[in-house]
Amino acid sequence: MDRSTRSLLHFPINHVAADVEIGYATMFIGGALVMMDRFDPAATLEILGREKITMLGQIPAMFLMQATLPSFANTDFSGLKAIMWGGAAAPMKLLRGLKQISQATGAMLMTGYGSTEACGFITYTQPTDDLEQLATSVGRAPEGFELRIVDDQRQPLPTGQLGELAIRGPFLFKEYLNKPEATAQAKDADGWFYTGDLGYLDERGVLYLNGRKSEMYKTGGENVFPREIEDVLCEHPAVALAAVIGVSDPLYQEVGYALVMLRPGASITPDQLKEHCQSHLVNFKVPKTIEIRPMLPLLANGKVNKLELKREIAATTTSHGAAP
């Protein structure tokens, strides 16, 4: 970033992307902020060309919604120097599309990992990373950032082993305002913050994420991470967005329930999507139910509102006596 940077800001103003990663960073360097009061896929594409935006930072769901629009193919991306995403993994089919834009414009592709409590990104991929690396990892932490993976007792785990990500450094928040119990639960006496995110570190210190600890569910005694299933569903050309949650089951304790939004004009049945999953996943990871909806509920930051979906499905389960 430099004084020629022109950043598009369409996140909620209380979101860390607005506060730090895009808003503060652009102002600090003396660049220009082009601001929208809300995310609008079609309007965003028009603004990119009209305002000659050089830095576009979004979450994958935003890119996916834009890519479904007819105007996407005619959008002027020529001003872009950096295309960035965070908050979730980008499916490979999206990355292939972003790579085409990158090759046409020279724009850098980058992702990373961060949180509000860490005031933004704390790991970054490198400009030389290939699509496989961009799809599976969130890069490494620079000097001054400490990362480690811990077990349920918060003891460090060896390289390559899956556990909860803990972070430490002067970039961390001090406390949750007027919530000492929540602060004490999230931060220990040594200054480590326990993120609730699951992942592992390789021998180079590159971080790979497997989703939120709170989203993981057990089916027949096996741990299932929704992100893996969502990635498989989103790889299907008919699928625009997917969300997978665990629901109660009398036999297996929990089973997967997938909610899918199709691309405009696409047509596919739940059984066909289940066959697609069966060809890419072991049997216990295949969702028991796949529901196709015209739209999935989104939060203001563009992520799928899984809490609302859980409430809806829980209400259906209660009223019918069993999971659909």
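Just above sits the structure.
Throughout, residues of each chain are indexed from 1 in the direction in which the sequence is written. Thresholds applied to this predicted model are a pLDDT of at least 70 for local features of residues and 80 or more for the giving and counting of side-chain atom pairs; totals over whole chains, interfaces and linings are not thresholded and use all residues. Only hydrogens and water are removed before side-chain values are computed, so all heavy atoms of the structure are retained for them.

Novice: Run through the overall build of the protein chain, naming residues and quoting values.
Specialist: For the protein chain, the helix and strand inventory stands at 10 helices and 15 strands. What the globule rule says is 2.2 Å times the number of residues to the power 0.38, and the radius of gyration is computed from C-alpha atoms. Here the C-alpha radius of gyration of the protein chain, 20 Å, is about what a compact globule of 324 residues would show, namely 20 Å. Its C-alpha atoms put the protein chain at 60 × 55 × 40 Å along the principal axes. Here the protein chain holds 324 residues, and the buried ones make up 48% of them. The contacts in the protein chain between residues at least 6 apart in sequence include a share of 61% that link residues at least 24 apart. Of note, the protein chain has its 30 positive side-chain charges centred 3 Å away from the centre of its 37 negative side-chain charges. Strands are runs of DSSP state E lasting at least 2 residues, helices are runs of H or I lasting at least 4, and numbering of each runs from the N terminus. Buried, partly exposed and exposed residues are distinguished by accessible area as a fraction of the type maximum, computed with a 1.4 Å probe on protein chains only: under 20%, between the cut-offs, and over 50%, respectively. Here a residue-residue contact requires only that any non-hydrogen atoms of the pair lie within 4.5 Å. Positive charges are assigned to Lys and Arg, negative charges to Asp and Glu, while His and the chain termini are left out of the count. Where a charge lies is defined by one atom per residue type, namely NZ (Lys), CZ (Arg), CG (Asp) and CD (Glu).

Novice: For the sheet that holds strand 10 (residues 207–212), give the residues involved together with the corresponding values.
Specialist: Whether two strands pair comes down to DSSP finding at least two bridges between them. Reading across the sheet, the 4 strands line up as 7-8-9-10 and stay open at both edges, with antiparallel pairing between neighbours. Either end of the sheet is taken by a strand with one partner, and the two such strands are strand 7 (146–150) and strand 10. With strand direction ignored, the average angle separating the axes of adjacent strands in the sheet is 45 degrees. Relative to strand 8 (residues 163–168), strand 7 is paired through 5 bridges, and the arrangement is antiparallel. Within strand 8, the residue paired with Arg148 across the bridge is Ala166. An axis is simply a line fitted to the C-alpha atoms; with a helix, the fit covers only the stretch in contact. Between two such axes, the angle follows the N-to-C directions and lies from 0 to 180 degrees.

Novice: Any chance you could break down the sheet that holds strand 14 (residues 253–262) for me, citing the residues and the numbers?
Specialist: Pairing within the open sheet is mixed, and its 3 strands lie in the order 13-14-15. Every other strand in the sheet has two partners, leaving strand 13 (239–249) and strand 15 (289–293) as the edge strands with one partner each. Direction aside, neighbouring strands of the sheet carry axes that sit 25 degrees apart on average. Here strand 14 pairs with strand 15 via 5 bridges, running parallel. Note that in strand 15 the partner of Ala258 across the bridge is Ile290.

Novice: Can you lay out the nonpolar core for me, pointing to particular residues and giving the numbers?
Specialist: Counting 53 residues, the largest nonpolar core has Leu8, Phe11, Leu80, Ile83, Trp85, Leu95 and Leu98 as its most contacted members. Setting aside residues no more than four positions away along its own chain, Leu8 makes contact with Ile22, Val34, Met36, Thr44, Ile47, Leu48, Ile53, Met55 and Leu56. Throughout, nonpolar core names a set of buried Ala, Val, Leu, Ile, Met, Phe, Trp, Tyr and Cys residues whose side chains join them through atoms within 4.5 Å. By size, the runner-up hydrophobic cluster in this structure holds 19 residues, among which are Tyr217, Val224, Ile229 and Val239.

Novice: Could you give an account of the side chain of Arg227, naming the residues involved and the relevant values?
Specialist: Tracing the backbone shows Arg227 in helix 8 (residues 226–234). The residues contacting Arg227, other than those within four sequence positions of it, are Ala89, Ala135, Thr136, Leu209, Asn210 and Gly211.

Novice: Could you give an account of unusual backbone geometry, with specific residues and numbers?
Specialist: The backbone of Asn178 sits at a positive phi, close to 60 degrees, despite the residue not being glycine. Even without a glycine there, the phi angle at Gln253 is positive, about 80 degrees. In this fold, Gln253 is placed in strand 14.

Novice: I'd love a proper account of helix 3 (residues 41–50), names of residues and values included.
Specialist: Pro41, Thr44, Leu45, Ile47, Leu48 and Gly49 are the residues of helix 3 that are buried. In this structure, the buried side of helix 3 is in contact with strand 1 (6–9), strand 2 (32–35), strand 3 (55–58) and helix 4 (60–67). Count one or two residues on from helix 3 and you reach Lys52, which has phi positive near 50 degrees.

Novice: Describe the packing of aromatic side chains, and please don't skip the residues or the numbers.
Specialist: To pair, rings of Phe, Tyr and Trp, with the six-membered ring standing in for Trp, must have centres within 6.5 Å; the planes then decide the type, stacked if under 30 degrees apart, edge-to-face if over 60, and tilted in the middle. One pass over the structure, following the stated rule, counts 7 aromatic pairs. Pairing Tyr200 with Tyr208 gives two aromatic rings, centres 4.9 Å apart and planes at 5 degrees, and the pair type is stacked. Owing to a relative accessible area of 11%, Tyr208 belongs among the buried residues under this scheme. These aromatic residues form a ring-pair network of at least three members: Phe173, Tyr176 and Phe193. In this scheme, the term charge over a ring applies when either NZ of a lysine or CZ of an arginine sits within 6 Å of the ring centre and within 35 degrees of the ring normal. Looking at Arg154, its charged tip hangs above the ring of Tyr194, at a distance of 3.8 Å from the centre.

Novice: Explain the side chain of Thr26 to me, using residue names and the numbers behind them.
Specialist: Looking at the element boundaries, Thr26 is found in helix 2 (residues 23–29). Side chain to side chain, Thr26 and Ser7 meet in a polar contact 2.8 Å long. Excluding residues that lie within four positions of it along the chain, Thr26 makes contacts with Met1, Ser7, Gly31, Ala32, Leu33 and Met55. Identification of polar contacts relies on pairs of N or O atoms within 3.5 Å, with a donor-acceptor requirement for protein atoms, meaning one able to donate a hydrogen and the other able to accept it, and with residues adjacent in sequence counted only if both atoms are side-chain atoms.

Novice: Describe in detail helix 9 (residues 270–278), supporting the description with residues and values.
Specialist: Along helix 9, the residues classified as buried are Leu273, His276 and Cys277. For helix 9, the angular spread of the buried residues around the axis is 100 degrees, confining them to a single face. Relative to its buried face, helix 9 has exposed residues pointing more than 90 degrees away, namely Asp271 and Glu275. Looking at the buried residues of helix 9, the elements they touch are helix 8, strand 13, strand 14 and strand 15. An arc is given here, and it is the one of the directions from the helix axis to the C-beta atoms.

Novice: Go over the environment of Pro70, please, and point to the residues and values.
Specialist: Among the structural elements, Pro70 can be located in the loop between helix 4 and strand 4 (82–85). Accessibility expressed as a relative area gives 74% for Pro70, which makes it exposed. Each C-alpha atom of the pair Pro70 and Gly265 lies 11 Å from the other, and the pair is 195 residues apart in sequence.

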